[in-house]
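Residues per chain, in single letters:
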Amino acid sequence: MSNTTFSKEELERYSRHLIIPEFNIAGQRKLKEARVLVVGSGGLGSPLLLYLTAAGVGHIGIVDFDVVDDSNLQRQVLFGVENVGKPKVEAAKQRLNGLNPHVDIKVFNTMLTSENALEIMKDYDLVADGTDNFPTRYLVNDACVLLGIPNVYGSIFRFDGQVSVFNYTDADGHLGPNYRDLFPEPPPPGLVPSCAEGGVIGVLPGIIGSLQANEVIKVLTGIGKTLSGRLFVFDALTFETRTLNISKNPDLQPITELIDYQQFCGISTTSNKPEATSVKEISVQELHQLKKTNTDFQLIDVREPYEYEIVQINGELIPLNTVIQEAGRISKDKKVVIHCRSGKRSADAIIALEKNFGFENLYNLKGGVLAYANEIDASLATY
Amino acid sequence: MSKIIIPTPLRKFTNQTATIQTNGTTVQAAIEELATKFPDLKQHLFDQSGTIRSFIRIFVGDDDIQSLEKEATKVSQHTIISIVPAIAGG
């Protein structure tokens, strides 16, 4: 029998749990004794942390290296305007302490890496994955496998959400699949954009993160049937939901150590931007100078019309996917500066135009409209 | 005749269409029909040897085709084929 006890304040706070017959004080005691690490305190981390703290999980760790940004507030409901510019873990701890003083919150203001993951994660019973990139997802998974702890997984993109419970050993001792059983390898860089690049509907992480929190509570207390061996898939646009069966992959190489996950995901720090270096470039300062001196040049914006509506710098709008058909609108006789949001799509446009039409007068705006907003004109919105 | 559900990340290759009806009687035939209809999708679904890429899972009904007859899994008029790719946003 556990020695864990509850104060009068705690009993009153958790009373709606305590009167559920299959949960009761035994379930609440398991929550209070539990140690949960939430990796990422963003869109998914916000509802996860709020609900797990409110529910009375006794010890919660938070890993995040980021600071709160204005663009987070559309979905990261853990934070407010007053937190902008502050480390997320500090802002989160302050908010969660206010929500439930009976919960011990420990923060790690760092990026989770192959070097520190096992050291940070070894003190926890369970990890909830709220990260926003493939390298960290594989790292979290592999570290959970090595430590033998469950990984409550959630992931989102635009209108799509996924939830599962990986590496979970059930009451009969049966070990369920892990993330690599489902996806042995990540997609090549660039195919599946991040939320920062591809966008996400703000409510979706609230839905998916809340489902993760529910799975965390089920795993910790042993009630119900977890999503181990199943993948829940949600399309917020059509409201199609599916719960798909997944199983262990007998061909999967055993996970024996943590690796270089940037390299595994094809993200090389030295050679991943060949396009950016193979086209001629111009800085935002040089562009600003061209404008100020009334130099005769053409400015082309290859973003989408909906991006143009957010912010624009008087370029002619020719979206990347129409640039070949619209090549006739682009001058061959004077300097042409091509830009997008951050410089990748405009480099692709230049490569395509040079290859197909032999342009020699095209210059890619380094850092795109974001750099222009940050370095030249602070009145412009960034996104 | 089966219905293929296209996930958001791949809809840019299907003119934003979310579901596609196909006539193939196996998963292989249905997916190939899809790739023929939307050629840009092909390189994202199959590797150079024609195998479905490892960051994409195909489900027939609720089950992964790896636990059925793989690409040879039979499909009928009411079968729903789901393409589920890895996504990483958080």
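All residue numbers here refer to positions counted from 1 along the written sequence of the relevant chain. Each chain gets a letter, beginning with A, and each ligand a number, beginning with 1, in the order they are written. For a predicted model such as this one, the threshold for reporting local features is a pLDDT of at least 70, and the threshold for listing and counting side-chain atom pairs is 80 or more; totals across whole chains, interfaces and linings nevertheless cover every residue.

Some remarks on the overall build of chain A
Part 1 of the argument: Helix and strand labels come from DSSP, where a helix needs a run of H or I of at least four residues and a strand needs a run of E of at least two; each type is numbered from the N terminus. Scanning chain A from N- to C-terminus turns up 16 helices and 13 strands.
Part 2 of the argument: In terms of principal-axis extent, the alpha carbons of chain A reach across some 85 × 50 × 40 Å.
Part 3 of the argument: Partly exposed residues are those falling between the two cut-offs: more than 12 but fewer than 20 other C-beta atoms within 10 Å of their own, whereas 20 or more means buried and 12 or fewer means exposed, with C-beta atoms placed from the backbone. Going through the 383 residues of chain A one by one, you find that 41% of them count as buried.
Part 4 of the argument: C-beta atoms are first placed from the backbone for all residues, and any pair lying within 7 Å is then listed as a contact. Residue pairs in contact within chain A that sit at least 24 positions apart in sequence constitute 70% of those at least 6 positions apart.

Remarks on helix α15 (residues 344-357) of chain A
All names here are of chain A.
Part 1 of the argument: Taking 1.5 Å per residue as the helical rise, α15 with its 14 residues ought to reach 20 Å, and the 20 Å between its terminal C-alpha atoms agrees with that figure.
Part 2 of the argument: Listed in full, the buried residues belonging to α15 are R345, S346, A347, A349, I350 and L353.
Part 3 of the argument: Taken from the residues just after α15, G358 is the one with a positive phi, measuring 70 degrees. Here the expected length of a helix is defined as 1.5 Å per residue gap, with one fewer gap than residues.

Here we look at the nonpolar core
Residues and elements named next belong to chain A.
Part 1 of the argument: Here, a nonpolar core means buried Ala, Val, Leu, Ile, Met, Phe, Trp, Tyr and Cys residues linked by C-beta atoms lying within 7 Å of one another. The biggest cluster of nonpolar side chains holds 86 residues, and the ones touching the most others in it are V36, L49, L126, V127 and V216.
Part 2 of the argument: If one sorts the elements of this core by residue count, helix α10 (residues 203-221) sits on top with eight residues.
Part 3 of the argument: Apart from residues no more than four positions distant in its own chain, V36 is found in contact with L52, V57, I60, Y124, D125, L126, A128 and V216.
Part 4 of the argument: Formed by 21 residues, the second largest nonpolar core is a distinct cluster that contains V302, V323, I350 and V369.

A few points about the packing of helix α3 (residues 24-33) of chain A against α10 of chain A
Residues and elements named next belong to chain A.
Part 1 of the argument: Geometry is summarised by axes, namely lines fitted to C-alpha atoms with helices restricted to the contacting stretch, and by angles between N-to-C directions that run from 0 to 180 degrees. Orientation of α3 relative to α10, taken along the N-to-C sense of each, is 105 degrees, at an axis distance of 9 Å. The angle between the axes of α3 and α10 places the two elements in the roughly perpendicular class. Across from G27, K30 and L31 in α3, the residues of α10 making contact are I217, L220 and T221.
Part 2 of the argument: Per-class residue counts for the contact of α3 with α10 are three nonpolar, two polar and one charged. Angles are sorted into four bins: roughly parallel if under 35 degrees, roughly antiparallel if over 145, roughly perpendicular if 65 to 115, and oblique for all others. Note on residue categories: nonpolar means Ala, Val, Leu, Ile, Met, Phe, Trp, Tyr, Cys or Pro, charged means Asp, Glu, Lys or Arg, and polar means any other residue, Gly included.

Section: helix α5 (residues 88-99) of chain A
All names here are of chain A.
Part 1 of the argument: Taking 1.5 Å of rise per residue, 12 residues should cover 16 Å, and α5 covers 16 Å from first to last C-alpha, within 8% of that figure.
Part 2 of the argument: Looking at α5, one finds that the buried residues are K88, V89, A91, A92, R95 and L96. Buried residues of α5, viewed axially, fall in a sector of 160 degrees; they line one side. The arc in question is formed by the directions pointing from the helix axis toward the C-beta atoms.

Some remarks on the domain arrangement of chain A
Accessible area lost on assembly of the parts is the figure often given for the size of an interface.
Part 1 of the argument: All domain edges in this entry derive from an automatic or database-based domain assignment. Assigned domains within chain A: domain 1 (34-264) and domain 2 (274-375).
Part 2 of the argument: Distance from the C-alpha centre of domain 1 of chain A to the C-alpha centre of domain 2 of chain A: 38 Å.

Remarks on the packing of helix α4 (residues 45-55) of chain A against α10 of chain A
Residues and elements named next belong to chain A.
Part 1 of the argument: The contact between α4 and α10 brings their axes to 7 Å, and the two run at 40 degrees. With respect to α10, the axis of α4 lies oblique. You can see that α4 and α10 cross each other, and the crossing is right-handed. Seen from α4, the contacting residues are S46, P47, L48, Y51, L52 and A55; seen from α10, they are P205, G206, G209, S210, Q212, A213, V216 and I217.
Part 2 of the argument: Looking at side-chain class alone, the contact of α4 with α10 contains nine nonpolar, five polar and no charged residues. In this scheme the crossing of two helices becomes right-handed for a clockwise turn of the near helix relative to the far one and left-handed for an anticlockwise turn of less than a right angle.

What to know about the environment of F134 of chain A
Part 1 of the argument: Note that F134 of chain A resides in helix α7 (residues 134-147).
Part 2 of the argument: For F134 of chain A and F264 of chain A, which are 130 residues apart along the polypeptide, the C-alpha to C-alpha distance reads 9.5 Å.
Part 3 of the argument: Residues within four places of F134 of chain A in sequence aside, it is in contact with P186 and C265 of chain A together with A88 of chain B.

Remarks on the environment of G176 of chain A
Residue and element names in this part refer to chain A.
Part 1 of the argument: For G176, the location among the structural elements is in the loop between β6 (160-166) and α8 (179-182).
Part 2 of the argument: Residue classification places G176 among the buried residues on the basis of 21 C-beta atoms within 10 Å.
Part 3 of the argument: Between the C-alpha atom of G176 and that of S247, which follows or precedes it by 71 residues, the distance is 7.2 Å.

Details of the interface of chain A and chain B
Part 1 of the argument: With 37 residues of chain A in contact, the opposing surface of chain B contributes 22 residues.
Part 2 of the argument: For the side of chain A that touches chain B, the secondary structure elements donating two or more residues are α7, β5 (151-157), β6 and β8 (240-245) of chain A.
Part 3 of the argument: Among the elements that take part in the side of chain A that touches chain B, β8 of chain A stands out by supplying five residues, more than any other.

Observations regarding the confidence of the model for chain B
Part 1 of the argument: Confidence of the prediction at every residue is given by pLDDT, a number between 0 and 100. Of the residues in chain B, 100% have a pLDDT of 70 or more, and the chain-wide mean is 91.
Part 2 of the argument: The ipTM for the predicted assembly is 0.93, set against a pTM of 0.85.

With respect to unusual backbone geometry
If a residue is not glycine, its phi is most likely negative; likewise, a peptide bond is most likely trans.
Part 1 of the argument: Of note, the phi angle at N167 of chain A is positive, near 55 degrees, even though the residue is not glycine.
Part 2 of the argument: Of note, N167 of chain A is situated in the loop between β6 and α8.
Part 3 of the argument: You will see that N15 of chain B, though not glycine, has its phi angle at about 55 degrees, which is positive.

A few points about the pairing of strand β10 (residues 298-301) of chain A
Residues and elements named next belong to chain A.
Part 1 of the argument: Strands qualify as paired when DSSP identifies two bridges or more between them. Across four bridges, the pairing between β10 and strand β12 (residues 336-339) is parallel. When the bridges of β12 are listed, D301 appears paired with H339.
Part 2 of the argument: Here β10 runs beside strand β11 (residues 316-317); their pairing, made up of two bridges, is parallel. In the sheet register, I300 faces β11, and the bridge partner there is E316.

So, the pairing of β12 of chain A
Residues and elements named next belong to chain A.
Part 1 of the argument: Across three bridges, β12 lies against strand β13 (residues 362-365) in parallel orientation. When the bridges of β13 are listed, V337 appears paired with Y363.
Part 2 of the argument: With the strands aimed away from the viewer, a crossover counts as right-handed if its path from the first strand over the helix to the second runs clockwise. Crossover handedness for the path β12 to α15 to β13: right-handed.

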